[in-house]
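Coordinate inspection notes
Chain residues, written in single-letter form:
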Amino acid sequence: MRFQALFRVPQLNGKRFNSSSMYVPVHEPALESDCRRLEKFLQDKPHILVLTGAGISTESGIPDYRSEGVGLYARSNHKPIQHGDFVKSEATRKRYWARNYVGWPKFSSITPNVTHYTLARLEREGRISGIVTQNVDRLHGKAGSKEVVELHGSGYDVICVGNQDERGKGCNYRIDRHEFQRILDQLNPAMEDKSTMMRPDGDVELSMAYVEGFKVPPCPQCGGNLKPEIVFFGDNVPMPRIEKVVRMIIESDGVLVLGSSLTVFSGYRIVLQAKELGLPVAIVNIGTTRGDPKADLKISARCGEIMSNLFKPNR
């Protein structure tokens, strides 16, 4: 079968792991020794800070941008939306919201996988101190993790970007994305799902003819433009969020990176800051990452295979 030709089904201790997501790239099976090496790395470090990237959510069925052969860049010529384009162009905003509207029911219904649930368990067991995620899918919260910083924001909140000053201060309007979906339903009763491909931040591919009639409401407080609380490409992570992450790094005794290529500097910076403080860094990711030369431990494997076998009782 074509699926079997594209993806290997790995084994650990005779157990087969089903790579059910079409967005997980081809990878070698995880080794028992890799799991034990990561356990040793974590064993005497109860304040590990975990940085997660899109590679952990591909196993839940959310595509990423950069995975070899299966990421969005490999499957299409489309690029992620730019912050400047969204703010300046009404056509860009309409196109984004139409796509996001159609993709939202599927995106919001996606559930956590074994990596998310294992991290929640490790937090309860006092083995990690917190999570910084580059993902906007809120799957860590769904899995039960408590100390989570969403570095690039979340697709689950909508904010107003009208009347902002140079510091990003302006209208404070905010609405839950589910509630905003109901408003879009009322404004666009004739819209049907004619999507072809979901993107990493939850929107989908739609034809321009399908987008033209889509209606997007203005901010009810100031009349400004509404956008998801996602840090789009070309925008900056809010300074209070950066400062909180820095405090988390300082208070940690090491960093564990899961499922990130660290291509985006906001994530790579966490590795650099950890090394400047003399903290150890471990990375689990399929393929190479920007941070590999800085890592004290690098494991090239699917995160779900490794995480599901950490600190298991009665092993």
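Here the structure is a predicted model, which means the values were calculated and not measured.

Each value, and the rule that gives it
Residue positions within a chain follow its written sequence, with the count starting from 1. The predicted nature of this model means local features are confined to residues of pLDDT at least 70 and side-chain atom pairs, given and counted, to a pLDDT of 80 or more, with totals for whole chains, interfaces and linings taken over all residues. Only hydrogens and water are removed before side-chain values are computed, so all heavy atoms of the structure are retained for them. UniProt positions are given in the numbering used here, feature names are shortened, and annotations may be inferred rather than shown by experiment. Each helix corresponds to a stretch of at least 4 residues labelled H or I by DSSP, and each strand to a stretch of at least 2 residues labelled E; elements are numbered beginning at the N terminus. We call two residues in contact whenever any of their non-hydrogen atoms come within 4.5 Å of each other. By this rule the span expected of a helix is its residue count minus one, scaled by 1.5 Å. Burial classification: accessible surface area is computed with a 1.4 Å probe over protein chains only, and a residue below 20% of its type maximum counts as buried, one above 50% as exposed, and the rest as partly exposed. Strands are treated as partners if at least two bridges between them are detected by DSSP. When the strands point away from the viewer and the connection leading from the first strand across the helix to the second strand turns clockwise, the crossover is called right-handed. The definition of a nonpolar core used throughout is a set of buried Ala, Val, Leu, Ile, Met, Phe, Trp, Tyr and Cys residues joined through side-chain atoms within 4.5 Å. In this analysis an axis means a line fitted to C-alpha atoms, helices contributing only their contacting stretch, and an angle means the value between N-to-C directions, from 0 to 180 degrees. Working rule for angles: under 35 degrees goes down as roughly parallel, over 145 as roughly antiparallel, 65 to 115 as roughly perpendicular, anything else as oblique. Here a crossing is taken to be left-handed if its near helix is turned anticlockwise relative to the far helix by less than a right angle, and right-handed if that turn runs clockwise.

Here we take up the UniProt feature "binding site: Zn(2+)" (unreviewed entry) in the chain. In the numbering used here, UniProt assigns the feature "binding site: Zn(2+)" (unreviewed entry) to Cys160, Cys171, Cys219 and Cys222. Taken along the chain, the residues just named run across 63 residues; in space they keep tight, none of their C-alpha pairs more than 8.9 Å apart. Relative to the helices and strands, Cys219 is located in the loop between helix 10 (208–211) and strand 8 (226–230). Excluding residues that lie within four positions of it along the chain, Cys219 makes contacts with Cys160, Cys171, Tyr173, Gly224 and Leu226. Tracing the backbone shows Cys222 in the loop between helix 10 and strand 8.

Because an α-helix packs 3.6 residues into every turn, residues spaced three or four apart end up facing the same way. The terminal C-alpha atoms of helix 12 (residues 265–276) lie 16 Å apart, and with twelve residues this matches the ideal 16 Å at 1.5 Å per residue to within 8%. Taken as a whole, helix 12 has its buried residues at Ser266, Gly267, Tyr268, Ile270, Val271 and Ala274. Those residues of helix 12 that are buried are in contact with strand 3 (48–52), strand 4 (128–133), helix 11 (239–251), strand 9 (254–258) and strand 10 (281–284). Two residues or fewer past helix 12, Gly278 is found with a positive phi of approximately 75°.

Residues of strand 10 alternate between two faces, with Val281 and Ile283 on one and Ala282 and Val284 on the opposite face, all of them buried. The pairing of strand 9 with strand 10 spans four bridges and is parallel. Its bridge partner lying in strand 10, Leu258 is registered against Val284. A crossover connection joins strand 9 to the parallel strand 10 through helix 12; in handedness this β-α-β unit is right-handed. Taken together, the three bridges between strand 10 and strand 11 (residues 297–299) define a ladder with parallel strand orientation. If you follow Val284 over to strand 11, its bridge partner there is Ile299.

What follows concerns unusual backbone geometry. Its identity is not glycine, yet Arg138 carries a phi of approximately 60°, on the positive side. Along the chain, Arg138 falls in the loop between strand 4 and helix 8 (139–143). Classification of Arg138 by relative accessible area gives partly exposed; the value is 28%. Positive phi, normally seen in glycine, also occurs at Leu262, with a value near 60°. The topology assignment puts Leu262 in the loop between strand 9 and helix 12. Leu262 sits in the buried class, given a relative accessible area of 0%.

Our focus in this paragraph is the nonpolar core. Counting residues in each nonpolar core, the largest one holds 29 residues, and the members touching the most others are Tyr96, Trp97, Tyr173, Phe180, Phe214 and Leu226. Of all the secondary structure elements, the ones that give two or more residues to this core are helix 6 (90–109), strand 6 (153–160), helix 9 (177–187), helix 10 and strand 8. At seven residues, the largest contribution of residues to this core is made by helix 6. Residues contacting Phe214, with those up to four places away along its chain left out, are Lys94, Trp97, Ala98, Tyr101, Leu184, Asn188 and Met191. Counting residues in each nonpolar core, the second largest holds 24 residues, with Leu38, Val50, Ala301 and Met307 among its members.

Turning our attention to the packing of helix 6 against helix 9. Where helix 6 meets helix 9, the axes come as close as 11 Å, and the angle between the chain directions of the two elements is 125°. Our classification of the angle between helix 6 and helix 9 gives oblique. For the pair helix 6 and helix 9, the sense of crossing is left-handed. Across the interface between the two elements, Trp97, Asn100, Tyr101, Trp104, Pro105 and Ser108 from helix 6 touch Arg177, His178, Phe180, Gln181, Leu184 and Asp185 from helix 9.

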